[in-house]
Amino acid sequence: MIKREDFSKNAFRTRYGHYEFLVLPFGLTNAPAYFMDLMNMEFHPYLDKFVVVFIDDILIYSKSREEHADHLHIVLNTLAEHKLCAKFKKCDFWMEKVHFLGHAISREGISVDPSKVTAVVDWPRPTNISEVRSFLGMAGYRAVKR
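Residues numbered from 1 in each chain as written. Predicted model: local features only at pLDDT ≥ 70, side-chain atom pairs only at ≥ 80, totals over all residues. Heavy atoms only, no water.

Caption draft 1: Molecular detail of a nonpolar patch on the surface. A grouping of Phe12, Tyr16, Tyr19 and Phe21 is seen on the molecular surface, where their side chains present a nonpolar patch of about 420 Å² in accessible area. With respect to the secondary-structure elements, Phe12 resides in strand S1 (residues 12-14). (Patch = residues over 30% accessible without salt bridge, like charges linked within 9 Å, V, L, I, M, F, W, Y side chains within 5 Å. Areas by Shrake-Rupley, 256 points an atom, 1.4 Å probe, with all protein chains shown as cover. Salt bridge = Lys/Arg side-chain N within 4 Å of Asp/Glu carboxyl O. Helix = DSSP H or I, 4+ residues; strand = E, 2+ residues; numbered from the N terminus.)

Caption draft 2: Broad picture of the packing of aromatic side chains. Within the structure shown, the criterion is met by three aromatic pairs. Where Tyr46 meets Phe50, the ring centres are 5.2 Å apart and the plane angle is 40°; that geometry is what we call tilted. On the accessibility criterion, Tyr46 (22% relative accessible area) is partly exposed. Here Phe50 falls in the buried class, since its relative accessible area comes to 8%. (Phe/Tyr/Trp six-rings, centres within 6.5 Å; stacked < 30°, edge-to-face > 60°. Buried < 20%, exposed > 50% of the residue type's maximum accessible area, 1.4 Å probe, protein only.)

Caption draft 3: Fine view of helix H2 (residues 65-81). Its 17 residues place the ends of H2 24 Å apart at the C-alpha level, agreeing with the 24 Å of an ideal helix rising 1.5 Å per residue. All of the buried residues in H2 are His68, His71, Leu72, Val75, Thr78 and Leu79. Looking straight down H2, one finds that the buried residues subtend no more than 130° of arc, so they occupy a single side. Residues of H2 that are exposed and point more than 90 degrees away from the buried face comprise Glu66, Asp70, His73, Ala80 and Glu81. Buried residues belonging to H2 abut helix H1 (31-42), strand S3 (51-54) and strand S4 (57-60). Lys83 sits one or two residues past H2 and shows a positive phi near 55°. (Expected span 1.5 Å × (residues − 1). Arc of directions from axis to C-beta. Contact = heavy atoms within 4.5 Å.)

Caption draft 4: Layout of the state of the cysteines. Counting across every chain of the model gives zero disulfides. Cysteine Cys91 remains unbridged, with the sulfur of Cys85 as its closest cysteine sulfur at 11 Å. Classification of Cys91 by relative accessible area gives partly exposed; the value is 27%. (Disulfide = S-S within 2.5 Å.)

The following block contains the structure:
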C-alpha cells in the first residue's frame, strides 16, 4: 500500500480525469526493489528456513506434508496480516518438483533446469575462432585479449 500522504506523488491525469494509485504500480523505477525489500522484511523470520522469495514469487519448501501444511499456513497468514494478496490461479500447491529461477528443485536436490541448458548442449562443436567467439557470446561470456 502507498501511504495516503503519498498518493499525489504518483498521480496522473488523462482526458477522463485525475487518478492516483492506491497501491504501488510496478511501472515505477524502484517499485520492484521496494517490493522485494517489503517481502524480505515480512518473511525475514522464515527466509532460508522454509521460504525463498524473489520479487513476487514465494517458494515454500518442507521435509514432510505435515510440515508443509504448517509452513503454508504461516506464509498465507503472513500475507494476510500485511494485507498482501496471492492470486489463487497463479499459485501451485503440493508440488513434488518445481522450476524456480532456472533451477529444478525436488526432494533429490537442486539441479539446473534442463530447458535452460539445451541451447548449450545442442550447440555444434566449434571448429574455428569465429565459432568459439559465437558460442561464448551466446553463453554470455566475453573474450578478453591479454
